[in-house]
Every structure is written in structure tokens, then in C-alpha cells.
Amino acid sequence: MSKLRGDYKSVWNSLSGSKQDAYLYVAGYTDEDKFHADAEDTVDILRETVGVKAEDVFLEIGCGVGRVGRVLSPFVKQWVGCDVSANMLRLAGRRLLGLENVKLQEISGYDLQPIPDESVDVVYTTVVFMHLEEWDRYNYVREARRVLRPGGRFYCDNVDLASKAGWAVFEESLRFPPGDRPAQISKCSTQPELEAFLRHAGFNDVKVAGRLDFWAYAWGRK
Ligand SMILES: C[S@@+](CC[C@H](N)C(=O)[O-])C[C@H]1O[C@@H](n2cnc3c(N)ncnc32)[C@H](O)[C@@H]1O
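Predicted, not measured: the structure shown is a model, and the values here were computed from it. All residue numbers refer to position in the chain's written sequence, counted from 1. For this predicted model, a pLDDT threshold of at least 70 governs which residues receive local features, and a threshold of 80 or more governs which side-chain atom pairs are given and counted, while totals over whole chains, interfaces and linings are taken from all residues.

Caption draft 1: Molecular detail of the nonpolar core. Membership of the largest hydrophobic core comes to 59 residues, with the highest contact counts inside it found for V123, F154 and C156. Contact between two residues is assigned whenever their backbone-derived C-beta positions fall within 7 Å. For F154, the residues in contact, after removing those within four places along its chain, are V123, A144, R145, L148, L198, F203, W219 and G220. Joining buried Ala, Val, Leu, Ile, Met, Phe, Trp, Tyr and Cys residues through C-beta atoms within 7 Å gives a set, and that set is a nonpolar core. Burial is judged by counting the other C-beta atoms within 10 Å of a residue's own C-beta: 20 or more makes it buried, 12 or fewer makes it exposed, and any count in between marks it as partly exposed, with every C-beta position built from the backbone.

Structure (C-alpha cells):
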């Protein structure tokens with residue numbers, strides 16, 4: 001029987017049984033140099049939105065194999081990588097070996113329960129919301145607010161259904177009959193959806209933007 005999309009732990013552990021599979025499901029390729037270059041790009045977006053400061057504790061929801069953490073951690077006080085999959089975290093541990101300000105944390109797939117209230121300066125999540133149900137996306141936005149210190153910043157992104165390339169992602173998956181859709185199939189968002197999540201969760205200074213006619217992203221402040 002195919003797995004349920006919302007059983008994130010089982011779905012994502014089975015997609016990351018080997019290093020090759022984990023890389024492919026994280027990024028669609030296995031080339032380490034491209035991984036690094038793409039992560040630099042993600043860090044640039046974080047700089048332009050929530051900002052990156054040397055005194056910040058950063059937390060990533062759905063960190064995968066630490067693609068972003070490896071590039072970001074030298075610029076911040078601490079980087080905490082959270083993921084639902086123990087396999088992903090094991091691979092992240094190997095990739096991040098020797099980086100002393102890095103911590104990895106397994107989470108349930110629905111919340112940030114092991115993380116104390118008001119203990120983090122920036123929470124971000126990238127290339128993750130497309131794999132979650134809308135309610136689980138929103139719950140992570142609420143959880144991000146809980147763990148952020150007052151004034152803390154939050155960033156999230158997803159493929160934008162309203163963009164040309166985002167629509168192509170949607171259309172491409174029309175080929176799956178309802179019973180055959182992979183559990184991790186990408187489901188797009190829109191800028192208004194992300195904005196609504198941040199506003200309802202109580203974030204201030206909420207902003208949304210798009211990029212490369214593909215991404216929708218939103219950020220705000222507690
Ligand atoms: C496409 S990968 C992106 C990884 C990383 N953010 C990056 O950009 O390189 C999606 C990641 O989200 C994780 N994930 C999936 N569902 C999750 C959930 N409900 N809670 C936390 N992590 C989840 C997966 O295990 C995987 O590591």
C-alpha cells in the first residue's frame with residue numbers, strides 16, 4: 001500500500017535510505033559543487049529578507065542533509081537543523097562534521113516540540129512546504145513564532161502556483177491518477193497563502209515576494 005502524505009517520518013525515511021537517494025530527493029541532483037552554489041543562493045535570499053547576523057541563533061525546519069547549514073553556519077552564532085527524518089539527519093551529521101556551532105534535532109513532523117519557547121533569533125524553512133499539507137505548513141509557522149525571541153524573524157517559501165514555472169510543476173503532476181500520487185508530491189502555494197499564514201500566526205511586518213518566476217516567499221517579525 002502506498003504511504004500517506006501526512007506520515008512524514010515514514011515517507012521521508014524511506015526516501016533517504018542511501019546518500020544518493022537523499023540528495024536526489026532534497027535537490028534533484030547529487031553534485032556537491034552545485035549543492036554548495038545553490039546553498040549560497042539560499043543564504044543570499046535569507047540575507048535579503050530576514051537578514052543574517054553574527055549573533056543570531058538560526059533554526060531550519062526540514063534541514064535535509066544540511067545543504068544550507070553548511071554554508072550558513074560560519075556566519076551565525078549557532079545553526080540548529082531540525083528534520084523529521086533520522087536518515088537525513090545522519091547524513092547531515094556527516095556533511096557537517098567539524099562545524100562546532102551546528103546542532104541537529106529530530107522532530108515529529110508536526111511541531112518543534114524539543115525547542116524551548118523564545119530561544120531562537122531566526123527560523124526558516126526552504127523547499128519543504130511543498131511536501132506538507134496546508135495545516136501542517138501553518139502549524140510550523142505558529143511553532144516558529146513560539147520558539148522565536150521577541151523581535152525574532154521568520155522566512156518560508158514554496159513553489160508559486162501563480163507563476164509560469166510553478167504552474168508547469170502543477171500541470172506536470174496531472175499525469176498521476178488520484179491513487180498513484182507519490183506521498184511527497186510537490187503541492188504549490190501562492191504569495192497570499194503564505195501571507196495569510198504569517199498574519200494569522202501573529203507575525204508583524206509581513207512581506208511577500210516572488211523570484212525567478214517560480215518561488216513565492218514570505219517573511220515577518222515576531
Ligand atoms: C526537499 S528536502 C529540502 C531540504 C533542505 N531544506 C534543503 O533546502 O536542502 C525536504 C526536507 O524536509 C523534510 N521534511 C519533510 N516533511 C517534514 C516535516 N513534516 N517536518 C520536518 N521536516 C520534514 C525531509 O525529510 C527533507 O529533509
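Picking up after the structure, the text goes on.
Caption draft 2: Examining the site of the ligand more closely. For each residue, a C-beta position is placed from the backbone atoms; the residue is near a molecule or strand when that point lies within 6 Å of it. The environment of the ligand is made up of 21 residues, and the closest members are Y8, W12, G62, G64 and R67. Listing elements by their share of the shell around the ligand, those giving two or more residues are α1 (8-14) and α4 (67-72). Residue polarity is assigned by list, with Asp, Glu, Lys and Arg as charged and Ala, Val, Leu, Ile, Met, Phe, Trp, Tyr, Cys and Pro as nonpolar; anything else, Gly included, falls into the polar class. Considered class by class, the residues forming the shell around the ligand number twelve nonpolar, six polar and three charged. In DSSP terms, a helix is any run of H or I states spanning at least four residues, a strand is any run of E spanning at least two, and both are numbered starting from the N terminus.

Caption draft 3: Structural context of unusual backbone geometry. Phi angles above zero are rare outside glycine, and D205 is one such case at about 50°. Inspection of the secondary structure puts D205 in strand β6 (residues 204-211). You can call D205 exposed: it has 10 C-beta atoms within 10 Å. One non-glycine residue, D213, lies in positive phi territory at about 50°. Its location among the elements puts D213 in the loop between β6 and β7 (215-221).

Caption draft 4: Region of interest: helix α3 (residues 32-49). The terminal C-alpha atoms of α3 lie 26 Å apart, and with 18 residues this matches the ideal 26 Å at 1.5 Å per residue to within 8%. Remark: G51 follows α3 within two positions and exhibits a positive phi of approximately 80°. Multiply 1.5 Å by the residue count of a helix minus one, and that product is the helix's expected span.

Caption draft 5: Molecular detail of the environment of G62. Structurally, G62 is set in the loop between β1 (57-61) and α4. Residue G62 is classed as buried on the basis of its 24 C-beta neighbours within 10 Å. Through-space distance from the C-alpha of G62 to that of Y25 is 12 Å; in sequence the pair is 37 residues apart. Once residues within four sequence positions are removed from consideration, G62 is found in contact with D83, T125 and V128.

Interpretation note: all reported values are geometric properties and have no functional meaning in isolation.
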